[in-house]
Amino acid sequence: MVYGTIIQKGEKYYTYLKKLFESIDNIQLNYKWLISYPECSPSDTDIQKVLENKYCILTGKELTDLVNKEDFQWIWGTFSAFDPSTSNEDILKHKLPENDMYPGFWKNPLTMQHPLSKIEIVAFDSSCTLIFTKDFALPEKFKEYYPKAEDLEIVNRSL
């Protein structure tokens, strides 16, 4: 089963990863990350180079270091978390996760785009952050940190 959370209320801007990672006790360090179709405006030229292509793959430490170096807003981007032992080749055998063209965001039952991912975080047009996970406890951590976060399955029922 996939659990989903949407953060679309109570924040001045979306999506800032440093606060989001703090909300989940920095478990991003335990994963390998595929960032697909990033759109953001970091001022640091080294970060710009990392994110200039349609995807990049980073360790949890590399992603954390990037965010700690400059915590900029993500306009678009899908962050897919994998077990660190998953090879880049296995990750790239599948279609890159989309930012806005994936209809599964707004349908129940919730699904994740990449069949090997454990968590997916989507920066959606600066207007919200979507989080999908197979871990039941993770959405509760988000809701503690973001009290206006909503269960995406419930939100989808009202669409």
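Residues numbered from 1 in each chain as written. Predicted model: local features only at pLDDT ≥ 70, side-chain atom pairs only at ≥ 80, totals over all residues. Heavy atoms only, no water.

Caption draft 1: A look at the pairing of strand E2 (residues 32–40). Looking at chain direction, E2 and strand E3 (residues 55–59) are connected through five bridges and run antiparallel. The partner of Ile35 across the bridge, within E3, is Cys56. Across seven bridges, the pairing between E2 and strand E4 (residues 74–82) is antiparallel. The partner of Ser36 across the bridge, within E4, is Thr78. (Pairing = 2+ DSSP bridges. Helix = DSSP H or I, 4+ residues; strand = E, 2+ residues; numbered from the N terminus.)

Caption draft 2: Here's a closer look at the side chain of Glu98. Structurally, the position occupied by Glu98 is in the loop between helix H4 (88–92) and strand E5 (119–124). Owing to a relative accessible area of 17%, Glu98 belongs among the buried residues under this scheme. In terms of polar contacts, Glu98 uses its side chain to reach the side chain of Lys95, at 3.3 Å. Beyond its immediate sequence surroundings of up to four residues, Glu98 is in contact with Tyr37, Thr78, Phe105 and Gln113. (Buried < 20%, exposed > 50% of the residue type's maximum accessible area, 1.4 Å probe, protein only. Polar contact = N/O pair within 3.5 Å; in protein donor to acceptor, adjacent residues only side chain to side chain. Contact = heavy atoms within 4.5 Å.)

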